[in-house]
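Coordinate analysis (summary)
Chain by chain, the residues:
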Amino acid sequence: MKYTQLGRTGLKVSRIVLGTMNFGPQTDEADSLRIMDAALDAGINFFDTANAYGWGANKGRTEEIIGSWFARGGDRRDKTVLATKAYANMGPDGEPVWPNHDKLSALNVRRSVDASLKRLGTDHIDLFQFHHVDRATPWDEIWQAVDVLVQQGKILYVGSSNHAGWHLARANETAARRGALGLVSEQCLYNLAERRAEMEVIPAAQEYGMGVIPWSPLHGGLLGGVLRKEREGTGSARSTSGRAADSLTDSTVRARIQSYEDLVDKHGLAPGEVALAWLLSRPGVTGPIVGPRTADQLASALRAVELELSAELLAGLDEVFPGPGPSPEAFAW
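Residues numbered from 1 in each chain as written. Predicted model: local features only at pLDDT ≥ 70, side-chain atom pairs only at ≥ 80, totals over all residues. Heavy atoms only, no water.

1. Examining the packing of aromatic side chains
In the structure shown here, the tally under the stated rule is 9 aromatic pairs. Note on Phe130 and Trp143: the rings are 6.2 Å apart at their centroids and 70° apart in plane angle, and the pair reads as edge-to-face. One end of the pair, Phe130, is in strand β6 (residues 125-130); the other, Trp143, is in helix α5 (residues 139-151), and 13 residues separate them in sequence. When its relative accessible area of 0% is taken as the criterion, Phe130 is described as buried. Put simply, the rings of Phe128, Phe130, Trp139 and Trp143 touch in pairs and so form one group of aromatic residues. Lying over the aromatic face of Phe70, Arg77 brings its terminal NZ or CZ to 5.3 Å of the ring centre. (Phe/Tyr/Trp six-rings, centres within 6.5 Å; stacked < 30°, edge-to-face > 60°. Helix = DSSP H or I, 4+ residues; strand = E, 2+ residues; numbered from the N terminus. Buried < 20%, exposed > 50% of the residue type's maximum accessible area, 1.4 Å probe, protein only. Lys NZ or Arg CZ within 6 Å of the ring centre and 35° of its normal.)

Now the structure itself:
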């Protein structure tokens, strides 16, 4: 495994981030524990979760599974850089949100951290992330809550997720005025097929010394060889569900994915591994979040870390999936 520092911090993290969103809803506890053991054995030390994972009536279940894994001992907690998130309503789906039980008020930030610590069975969170933008709460209030939690030793670093470039700027400028460290990472949707983050989010993150943690690196399965699996009848229902299944009904999207798979096949490589390796080659990227459901999927992600993409292949990828170009030129003229 290769490691890098998280943004401008001294914190060393693996270039692959273990995503745990499937733990509970799709992957049972026994398999989840085995995947976490295999990831740690492979040198992955960066684990990402969120308080709402588990979904529906089981919100928080994923954090509980991770807590069960930590409880097994063997220095599991000590070896893990633990990242979780807060923003969502933790009440039952379909019911009205009780006031102050969601978003990023000082009250809910402190409540959310305490609840996550209890589920995770630990005394601190290494990277506490704001899962979404709270347009109603000023950053001064958010940072006041963070200051208290840092002083209490409950969180060490703070990151964002799904924030626009100007949100990153406002957050960090407010933190700087308070003499605080500010945001050290941004977790955003970013992959070969979805490159809009290159216009504003990633440049802002780089300017402020923030690590970039892409989620959905295979774009819902579209970049994982979905058409090949479809032809060969080897894909599971999961591999063509959600975003992948919906997108493939568009003939233009389907043709582009076919061009991608043909290009990768020409170079004798696996589509999913190329998609991950491409992200790892991008400036500012700390590491993509992968959510393996099997040992084979984990092994594929690990191979991507060692994969060096040729200049010819990189140029071909840009032709199939052209980025927006630098800003403001990309939208100014």
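What follows continues from the structure just given.
2. A few points about unusual backbone geometry
Backbone torsion omega between Ser327 and Pro328 reads 5°, so that peptide bond is classified as cis. Tracing the chain through its elements places Pro328 in the loop between α13 (311-320) and α14 (329-332). With a phi close to 65°, Asp75 is a non-glycine residue in the positive phi region. By the element assignment, Asp75 lies in the loop between α2 (61-70) and α3 (76-79). Unusually for a residue other than glycine, Ser216 sits at a positive phi of about 55°. Along the polypeptide, Ser216 turns up in the loop between β9 (211-215) and α8 (226-232). With a relative accessible area of 15%, Ser216 lands in the buried category.

3. Quick word on the nonpolar core
Grouped together as the largest cluster of nonpolar side chains are 53 residues, with contacts concentrated most on Phe130, Tyr260 and Leu317. No other element matches the 6 residues that α5 contributes to this core. Core analysis: the next-biggest nonpolar cluster, separate from the first, contains 23 residues, Leu18, Ala39, Leu120 and Leu280 among them. (Core = buried A, V, L, I, M, F, W, Y, C linked by side-chain atoms within 4.5 Å.)

4. With respect to the environment of Ala205
Following the sequence through the fold, Ala205 ends up in helix α7 (residues 201-207). Spatially, the C-alpha atom of Ala205 lies 8.6 Å from that of Gly7, the residues being 198 residues apart in sequence. Those residues in contact with Ala205, other than ones at most four positions away along the chain, are Leu168, Met210 and Val212. (Contact = heavy atoms within 4.5 Å.)

5. Digging into the pairing of β9
Burial analysis of β9 places 4 of its 5 residues in the buried class, the great majority of the element. The pairing of strand β8 (residues 183-189) with β9 spans 5 bridges and is classified as parallel. Each bridged residue has a counterpart across the sheet, and for Gln187 the counterpart in β9 is Ile213. Handedness of the crossover joining β8 and β9 through α7 is recorded here as right-handed. (Pairing = 2+ DSSP bridges. Right-handed = clockwise from strand over helix to strand, strands pointing away.)

6. Brief notes about helix α6 (residues 165-177)
For α6, which comprises 13 residues, the first-to-last C-alpha distance of 19 Å matches the rise-based estimate of 18 Å (1.5 Å per residue) to within 8%. Listing the buried residues of α6 in full gives Gly165, His167, Leu168, Ala171, Asn172, Thr174 and Ala175. Where the residues of α6 are buried, they touch α5, β7 (155-161), β8 and α7. Immediately beyond the C-terminal end of α6, within one or two residues, lies Gly179, with a positive phi of roughly 75°. (Expected span 1.5 Å × (residues − 1).)

7. Side note on the pattern of salt bridges
Within the structure shown, the criterion is met by 19 salt bridges. With its nearest N and O atoms 3.7 Å apart, the salt bridge here joins Arg228 to Asp265. Placement of Arg228 in helix α8 and of Asp265 in helix α10 (residues 251-266) is noted, with a sequence separation of 37 residues between them. Residue Glu230 is joined to Arg254 by a salt bridge in which the shortest nitrogen-to-oxygen separation is 2.2 Å. Here Arg254 lies in helix α10 and Glu230 lies in helix α8, a separation of 24 residues in the sequence. One network of salt bridges, with partners in common, ties together Arg195, Glu198, Arg282 and Asp318. (Salt bridge = Lys/Arg side-chain N within 4 Å of Asp/Glu carboxyl O.)

8. As for the environment of Tyr208
Residue position: Tyr208 is located in the loop between α7 and β9. By relative accessible area, Tyr208 is classed as partly exposed at 23%. Considering only alpha carbons, one finds Tyr208 and Arg8, 200 residues apart in sequence, at a separation of 8.2 Å. Leave out the neighbours within four places in its chain, and Tyr208 touches Arg8, Ala169, Asn172 and Glu173.

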